[in-house]
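# Summary of structural features
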Amino acid sequence: MTAGQLDIPHAAEDGAESPGRGGLSRFAGRVAIATLVVVGILVAALVLWEARLVVALLFSAVIIAAALRPSVEWLARRRVPRGIGVVAHYAVIAALLAVALWFVVPEATDQVQAALGNQHELRQAARGTTGIRHDLLIALDKRLNDLPSGSSLFDPAVEYGRKAFEAIIGVFFVFAAAAYWIIERERAMDVVCSILPRPKRKTVRDAWNLMELKLGAFVRGQSLLVAIVATVLSGCFWLIGLPYWLLVGVFAGVVEVVPVIGPLAAGIVAVGVGLSQSLHLALMAAIVLIAVRLLEDYVVLPRVLGHSVGLSPLVVLVAVTSVGVVLGGFAVILAVPLASVVVTLVDIVLRDKDPAAERVPSVLLPAKDLE
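Residues numbered from 1 in each chain as written. Predicted model: local features only at pLDDT ≥ 70, side-chain atom pairs only at ≥ 80, totals over all residues. Heavy atoms only, no water.

This part is about the packing of helix H9 (residues 198-240) against helix H14 (residues 335-349). It is at 10 Å that the axes of H9 and H14 come closest, and there the two elements cross at 150°. The orientation of H9 relative to H14 falls into the category roughly antiparallel. Considering how the two elements wind past one another, H9 and H14 form a crossing that is right-handed. Contact residues: H9 offers Thr203, Ala207, Leu210, Met211, Lys214, Leu215 and Phe218, while H14 offers Val336, Pro337, Ser340, Val341, Thr344, Leu345 and Ile348. The residue inventory of the contact of H9 with H14, partitioned by class, reads 10 nonpolar, 3 polar and 1 charged. (Axes fitted to C-alpha atoms, helices over the stretch in contact; angles between N-to-C directions. Helix = DSSP H or I, 4+ residues; strand = E, 2+ residues; numbered from the N terminus. Parallel < 35°, antiparallel > 145°, perpendicular 65-115°, else oblique. Left-handed = near helix turned anticlockwise from the far one by under 90°. Contact = heavy atoms within 4.5 Å. Nonpolar A, V, L, I, M, F, W, Y, C, P; charged D, E, K, R; others polar.)

Right, dumping it as structure tokens:
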């Protein structure tokens, strides 16, 4: 047997080993790519977590822009520049707030001063009661005493403190970002769609439009709902003679923006204030709250909000709890809009729904003006 014959098996073995080595190299490359992807996701998540306040402010700006954009576009179709349209909307919002404060602040200030006084009604009622009612009134009295006095609310050191400055900067940032998004929205979407595969561009654009329509309808409906609830409850509390009727009514309206928790807090406060007078007044306050809640659930909500976000009560409850635990109590007002975005993306990406075929929600604006 020659040396050449002896070398043949070795050559065959070398040829058999090369595919295995190539497969191992491909596997190692895939592992490296997967590792880089995971690390990139973790780094992005860490950056977003550290910048969660900025992300929340930007999301708030997108929500406000979604609420205002249909009417701004309506003005744009009538040759009103978008910038002027945005400024006009902000001027109307500021005027409405000024009028509301002009009516509410004087009476509310009197009621706050009465509530924070040394001889307010809760303390007087607590002295003449026993048992659970006495404990509840004492707890309310302690909470009121812990609030800052009227003079400290206007103390320059508090007004121009760091927290106040941060809040003012945050508000300006949100409204400025909302204005820029309304003006630059189409250009930004064109840039994003230009880097996507052509078959995906229309789906992405339709999905974004649908999410904005849902967010805008929710914000407009929620704002109207806050005004209705605050007005109706304040009037009803005044009719039944509830102390601090304006403060309690406005508080009940404002906390409507916090799903689930807000109405419960309003009910506890109203019944607790009613107990400062009598069990009969507390019962009357509870009846008013239940009646207004039923009216809201079966008459107002279907007509005002309808299916603007398309979320079940269970999803809302889970979203509120999760956002509150992860991001803090203040962020719960963003829970429903955030859940709406997530559910819409799940419907489009996983359930393969066509966003262009979804029903367009309309609140305060005709559907034809939203398209």
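Structure's up, so let's keep going.
Among the surface-exposed residues, Val260, Ile261, Leu264, Leu314, Leu317 and Val318 lie close enough to one another that they form a single nonpolar patch of about 550 Å² accessible area. Sorting the residues of the nonpolar patch by element identifies helix H11 (261-275) and helix H13 (313-327) as the ones contributing at least two each. For the nonpolar patch, the leading source of residues is H13, giving 3 residues. Assignment of secondary structure puts Leu264 in helix H11. (Patch = residues over 30% accessible without salt bridge, like charges linked within 9 Å, V, L, I, M, F, W, Y side chains within 5 Å. Areas by Shrake-Rupley, 256 points an atom, 1.4 Å probe, with all protein chains shown as cover. Salt bridge = Lys/Arg side-chain N within 4 Å of Asp/Glu carboxyl O.)

What follows concerns unusual backbone geometry. At Tyr244, a position not held by glycine, the phi torsion is positive, near 55°. Take Tyr244: it is sitting in the loop between H9 and helix H10 (245-254). Positive phi values are uncommon outside glycine, yet Asp352 reaches one of about 60°. Among the residues examined, Asp352 registers a relative accessible area of 68% and is labelled exposed. (Buried < 20%, exposed > 50% of the residue type's maximum accessible area, 1.4 Å probe, protein only.)

Let us now look at the pattern of salt bridges. Within the structure shown, the criterion is met by 11 salt bridges. Put simply, Arg185 and Glu186 hold a salt bridge, and the shortest N to O gap is 2.6 Å. Here Glu186 falls in the partly exposed class, since its relative accessible area comes to 35%. Each member of the salt-bridge network shares a partner with another, and the members are Arg69, Arg185, Glu186, Asp190, Arg205 and Glu212.

Tracing the sequence through the fold places Leu68 in helix H2 (residues 52-76). Placed 151 residues apart in sequence, Leu68 and Val219 show a C-alpha to C-alpha distance of 9.4 Å. Once you skip the residues sitting within four places of it in the chain, Leu68 turns out to touch His89, Tyr90, Ile93 and Ile182.

Further remarks concern H14. Over its 15 residues, H14 runs 21 Å from end to end, which matches the ideal 21 Å to within 8%, given 1.5 Å per residue. Contacts from the buried residues of H14 go to H2, H9 and H13. (Expected span 1.5 Å × (residues − 1).)

Bringing the confidence of the model for the chain into the picture now. Residues with a pLDDT of 70 or more make up 71% of the chain, whose mean pLDDT is 76. In this model residues 1-8 is a low-confidence stretch, pLDDT under 50, and it forms 1 contact with partners more than four residues away in sequence or in other chains. This model gives residues 149-160 a pLDDT under 50, and the stretch forms 8 contacts once residues within four places in sequence are excluded. (pLDDT = per-residue confidence, 0-100.)

A full pass over the atoms with the stated rule returns 2 aromatic pairs. An angle of 85° between the planes, with centres 5.2 Å apart, marks the rings of Tyr90 and Phe175 as edge-to-face. Pair noted here: Tyr90 is in helix H3 (residues 82-116) and Phe175 is in helix H8 (residues 162-194), with a separation of 85 residues, a long-range link. In this structure Phe175 comes out as partly exposed when scored by relative accessible area, which is 29%. Ring centres of Trp181 and Trp208 lie 5.8 Å apart, and the angle between their planes is 70°; this geometry places the pair in the edge-to-face category. Linking Trp181 in helix H8 with Trp208 in helix H9, this pair joins segments that are 27 residues apart in sequence. Note on Trp181: relative accessible area 21%, which makes it partly exposed. (Phe/Tyr/Trp six-rings, centres within 6.5 Å; stacked < 30°, edge-to-face > 60°.)

With that settled, consider the side chain of Ser60. Summarising the element assignment, Ser60 is placed in helix H2. Contacts of Ser60, omitting those with residues within four sequence positions, involve Val174 and Leu334.

The subject of this paragraph is the environment of Ser322. Structurally, the position occupied by Ser322 is in helix H13. Considered as a pair, Ser322 and Ala335 are 13 residues apart in the sequence and their alpha carbons are 8.3 Å apart.

By secondary structure assignment, the location of Ser71 is in helix H2. Residue class for Ser71 comes out buried when judged on its relative accessible area of 16%. There is a polar contact of 2.5 Å between the side chain of Ser71 and the side chain of His89. (Polar contact = N/O pair within 3.5 Å; in protein donor to acceptor, adjacent residues only side chain to side chain.)

Let us now look at the packing of H2 against H9. Between H2 and H9, the shortest axis-to-axis distance is 7 Å and the interhelical angle comes to 90°. The angle between H2 and H9 places the two elements in the roughly perpendicular class. For the pair H2 and H9, contact is made by Val62, Ile63, Ala66, Ala67, Arg69 and Pro70 and by Trp208, Glu212, Leu215, Gly216, Val219 and Arg220, respectively. Looking at the contact of H2 with H9 residue by residue, the class counts come to 8 nonpolar, 1 polar and 3 charged.

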